[in-house]
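Inside the fold
Residues per chain, in single letters:
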Amino acid sequence: MAELHIIGQIVGASGFPQSSLFCKWGIHTGGAWRLLSGLKEGQTQVDLPQTGDMAYWSHPIDLHYTTKGLQGWPKLHLQVWHQDSFGRCQLYGYGYCHVPSSPGHHHVCCVTWRPLGSWQEQLAQTFVGGGPQLRSPDLVYSGADRYRLHTVAMGTVELELGIIMRHFDRYGVES
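Scoring rules and cut-offs
Residues numbered from 1 in each chain as written. Predicted model: local features only at pLDDT ≥ 70, side-chain atom pairs only at ≥ 80, totals over all residues. Heavy atoms only, no water. Helix = DSSP H or I, 4+ residues; strand = E, 2+ residues; numbered from the N terminus. Contact = heavy atoms within 4.5 Å. Core = buried A, V, L, I, M, F, W, Y, C linked by side-chain atoms within 4.5 Å. Buried < 20%, exposed > 50% of the residue type's maximum accessible area, 1.4 Å probe, protein only. Phe/Tyr/Trp six-rings, centres within 6.5 Å; stacked < 30°, edge-to-face > 60°. Salt bridge = Lys/Arg side-chain N within 4 Å of Asp/Glu carboxyl O.

Along the polypeptide, Lys 68 turns up in the loop between strand S5 (55-67) and strand S6 (75-83). As a C-alpha pair, Lys 68 and Gly 31 span 37 residues in sequence and 9.7 Å in three-dimensional space. Residue contacts for Lys 68: discarding those within four places in its chain leaves Met 1, Ala 32 and Tyr 171.

Structure, rendered in structure tokens:
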């Protein structure tokens, strides 16, 4: 079987309205993929930058997959959260990106967005906090229903990923 190693880190995030951010992440694959080692989801620590607007996490990612086909190539899905001084957490953005399909070192920038909500929800969010969230987070990386949402752009999450591919040539994939 072909093997894929994903080794890298979630570097951090910038461009969000406030700092004190953390990230929940996960990997989604198709049915032909099997995780041999590593965690397919996790969460970073909260970073409150003293200078600048970049929150640095340097959160490691180390995954080893086997597969019989290319269908369902791994996608990385992200949720960026803000934690206020009272410890309350508020969703700041969803995002996803495909894991690069060529071997080597890759710098990936994943843009994020959040649901906009009605004008009443926007007003309540300004004064009370919180805000609309997706009922099913799977909507982030799947299907056409995502394009019916009213959203607003948020910040960017930076990743550094090293990709190692083994035995893909046996399945007609040149690396």
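What follows is about the nonpolar core. Counting residues in hydrophobic clusters, the biggest one holds 32 residues, and the most contacted among them are Leu 4, Ile 6, Ile 10, Leu 21, Trp 57, Leu 78 and Leu 159. Going through the elements one at a time, strand S1 (2-14), strand S2 (21-28), S5, S6, strand S7 (89-98), strand S8 (104-115) and strand S9 (151-166) are the ones with two or more residues in this core. The biggest single contributor to this core is S9, with six residues. Residues contacting Ile 10, with those up to four places away along its chain left out, are Trp 25, Trp 57, Ser 58, His 59, Ile 61, Leu 78, Val 157, Glu 158 and Leu 159. Judged by nonpolar contacts, the second largest core, of six residues, contains Trp 81, Leu 91, Trp 113 and Leu 134.

Turning our eyes to something else, we now look at the packing of aromatic side chains. Tallied over the full model, the rule gives six aromatic pairs. Ring centres of Trp 33 and Tyr 65 lie 6.0 Å apart, and the angle between their planes is 85 degrees; this geometry places the pair in the edge-to-face category. With Trp 33 in strand S3 (residues 33-37) and Tyr 65 in strand S5, this pair connects stretches of sequence that are 32 residues apart. In terms of burial, Trp 33 and Tyr 65 fall into one category: buried. Taking the centre distance of 6.0 Å and the plane angle of 55 degrees together, the rings of Trp 73 and Phe 168 count as tilted. Separated by 95 residues along the polypeptide, Trp 73 in the loop between S5 and S6 and Phe 168 in the segment after S9 bring together distant segments of the chain. An aromatic cluster of three or more residues is present, and its members are Trp 33, Tyr 65, Trp 73 and Phe 168.

It is worth spelling out the environment of His 98 at this point. Turning to its location among the elements, His 98 is positioned in strand S7. Residues His 98 and His 77, spaced 21 residues apart in sequence, show a C-alpha to C-alpha distance of 8.7 Å. Leaving out residues up to four positions away in the same chain, His 98 has contacts with Pro 74 and Lys 75.

Moving on, we come to the pattern of salt bridges. Think of it this way: side chains of opposite charge can pair up when their charged atoms draw near. Inspection of the entire model under this criterion finds two salt bridges. A salt bridge links Arg 166 to Glu 3; the nearest nitrogen and oxygen atoms lie 3.0 Å apart. Highlighted residues: Arg 166 in strand S9 and Glu 3 in strand S1, separated in sequence by 163 residues. Residue classification places Glu 3 among the buried residues on the basis of a relative accessible area of 14%.

Interpretation note: all reported values are geometric properties and have no functional meaning in isolation.
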